[in-house]
Amino acid sequence: LDHDDLVAGLRKFEARQLTAWSNYAAAVSHASLRRPLLVRMPLNDELAVGFDSALLYALRESRHLLALGVPTVPSLKGLQADAHELRRHVCALTLVAARYNSLRSAMLPVEAPLLLERMRIIDEAVEPGVLALTWRSHAIAGFTRTVSEAINEAHCVLGAAKATVKDLAALTEGWAARGLFACRMPLPCDADTFEESFASAVAERCVAVEQGGRRAVQLTAATRQVLGIPRGAPSWRSYQ
C-alpha cells in the first residue's frame, strides 16, 4: 500500500469506529435518562441508584471528542452542560440509598415497631423516585432533599433510642460490678457490730440503686418523647 491508500484506509476505519461509538452513545443516553432514580432490590427491599454509569463514560468521551473538534452525538452534546449537575444528583442519591439501607439494617426487631410510622413516611417519600421520576425530571433536587430529611430524622431517633439502651446497660453494669455488702471488719466480730455494718451498707446501696432507677425512668421517658409514642402503645410495652 502506498501512503495515500494507507491514509484513506485509516480514515475509513476511524469513520466506522466513530459511527459505531455514536450509535452506542445515542442508545446509552436514550435508555439511561429514562431509568428511574432509585431501584428497590427484590431480595431485601434495599435501595440502589438507578443510574447507568455508561452514560457518564459516554459523556466523558464525548467531551474529549468535542475538544478535538470531532462531531459527536447531538443528544450528548446537549447533555454536556448538565453533566456536572447529573454527577451531583448521582452522588446525592447514592448517599440517600446508603443512609436508607443502613437505617434498615441498624434496626433491631424490637426497634422496628417504634419506627414503623417514620419508615412508612420515608417509603412514601421514596416511592416517586422508584416509580415515576427519571433522570430527565426537573424535580430531582427537591425529591432528594425531602427523602434525605426524613431519613436523617429517623436516624436521629434511632440513635437516641440506642444511646438510651447503652446508658441503661452502663447503669445496670455499675450495679452488678459492686456487691450488695462487702465485709471490711476485722474478724471475728460480734453479731451487733456485723448487723449494724450490714444495715448501713445495704441502706447505702439501696439509695444508689433508687437514684439509678429514677435516672433509668427519666431516660426511658425522654426516649419515648423523642419517638412520639404513647405510654400504653403495644410497641412501647414490647420495647420496654
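The structure presented is a predicted model; accordingly, all values stated were derived computationally and were not measured. (Residues numbered from 1 in each chain as written. Predicted model: local features only at pLDDT ≥ 70, side-chain atom pairs only at ≥ 80, totals over all residues. Heavy atoms only, no water.)

Right, let's talk about the overall build of the chain for a bit. For the chain, the count of helices and strands is eight helices and two strands. Starting at the N terminus and ending at the C terminus, the chain contains elements arranged as α-β-β-α-α-α-α-α-α-α. Radius of gyration (C-alpha) of the chain: 32 Å, far over the 18 Å computed for a compact globule of 240 residues. Principal axes of the C-alpha set define a box for the chain whose edges measure 120 × 45 × 30 Å. Counting all 240 residues of the chain, 30% fall into the buried class. Carbon and sulfur atoms provide 60% of the accessible area of the chain, an area that totals close to 15,100 Å². Distance between charge centres in the chain, computed from 27 positive and 25 negative side chains, equals 6 Å. (Helix = DSSP H or I, 4+ residues; strand = E, 2+ residues; numbered from the N terminus. Rg over C-alpha atoms; globule rule 2.2 N^0.38 Å. Buried < 20%, exposed > 50% of the residue type's maximum accessible area, 1.4 Å probe, protein only. Areas by Shrake-Rupley, 256 points an atom, 1.4 Å probe, with all protein chains shown as cover. Lys, Arg positive; Asp, Glu negative; His and termini not counted. Charge placed at Lys NZ, Arg CZ, Asp CG, Glu CD.)

It is worth spelling out the pattern of salt bridges at this point. Under the criterion given, the structure shown has six salt bridges. A salt bridge links Lys-162 to Glu-111; its shortest N-O distance comes to 3.0 Å. In this pair, Lys-162 is assigned in helix 6 (residues 140–177) and Glu-111 in the loop between helix 4 (83–106) and helix 5 (116–131), connecting sequence segments 51 residues apart. In this structure, Arg-120 and Glu-124 form a salt bridge, with 2.6 Å as the shortest nitrogen-oxygen distance. Residue Arg-120 and its partner Glu-124 are located together in helix 5, separated by four residues, close to a single helical turn. A relative accessible area of 37% places Arg-120 in the partly exposed class. Relative accessible area serves as the criterion here: at 46%, Glu-124 is assigned to the partly exposed category. Taken together, the shared-partner salt bridges connect Glu-117, Arg-120 and Glu-124 into one network. (Salt bridge = Lys/Arg side-chain N within 4 Å of Asp/Glu carboxyl O.)

Here we come to the nonpolar core. Of all hydrophobic cores here, the largest spans 39 residues; its most connected members are Leu-37, Ile-122 and Trp-135. Elements with a minimum of two residues in this core: helix 2 (53–67), helix 4, helix 5 and helix 6. (Core = buried A, V, L, I, M, F, W, Y, C linked by side-chain atoms within 4.5 Å.)

Let us now look at unusual backbone geometry. If you check the backbone angles, Asp-45 has positive phi at about 65 degrees while not being a glycine. Locating Asp-45 in the fold gives a position in the loop between strand 1 (38–40) and strand 2 (47–49).

The next subject is the side chain of His-155. Looking at the secondary structure, you find His-155 in helix 6. Polar side-chain contacts of His-155 include one of 3.3 Å to the side chain of Ser-102. When residues no more than four places from it in sequence are discounted, the contact partners of His-155 are Arg-99, Ser-102 and Leu-103. (Polar contact = N/O pair within 3.5 Å; in protein donor to acceptor, adjacent residues only side chain to side chain. Contact = heavy atoms within 4.5 Å.)

Turning our eyes to something else, we now look at a negative patch on the surface. Among the surface-exposed residues, Asp-190, Asp-192, Glu-195 and Glu-196 lie close enough to one another that they form a single negatively charged patch. Taking the relative accessible area as the measure of exposure, Asp-190 reaches 44% and is therefore partly exposed. (Patch = residues over 30% accessible without salt bridge, like charges linked within 9 Å, V, L, I, M, F, W, Y side chains within 5 Å.)

The terminal C-alpha atoms of helix 5 lie 22 Å apart, and with 16 residues this matches the ideal 22 Å at 1.5 Å per residue to within 8%. The largest bend in helix 5 amounts to roughly 30 degrees and is located at Ala-125, with the proline Pro-128 lying one to four residues further along. Those residues of helix 5 that sit buried are Arg-118, Met-119, Ile-122, Ala-125, Val-126 and Gly-129. (Expected span 1.5 Å × (residues − 1). Bend = angle between axes of the 7 residues up to and from the residue.)

With that settled, the discussion passes to the packing of aromatic side chains. For the coordinates displayed, the defined rule picks out one aromatic pair. Summarising the aromatic geometry, the rings of Phe-51 and Trp-135 are spaced 4.9 Å apart at their centres and angled 75 degrees between planes, so their arrangement reads as edge-to-face. Of this pair, Phe-51 sits in the loop between strand 2 and helix 2 while Trp-135 sits in the loop between helix 5 and helix 6, placing them 84 residues apart in sequence. A relative accessible area of 5% places Trp-135 in the buried class. (Phe/Tyr/Trp six-rings, centres within 6.5 Å; stacked < 30°, edge-to-face > 60°.)

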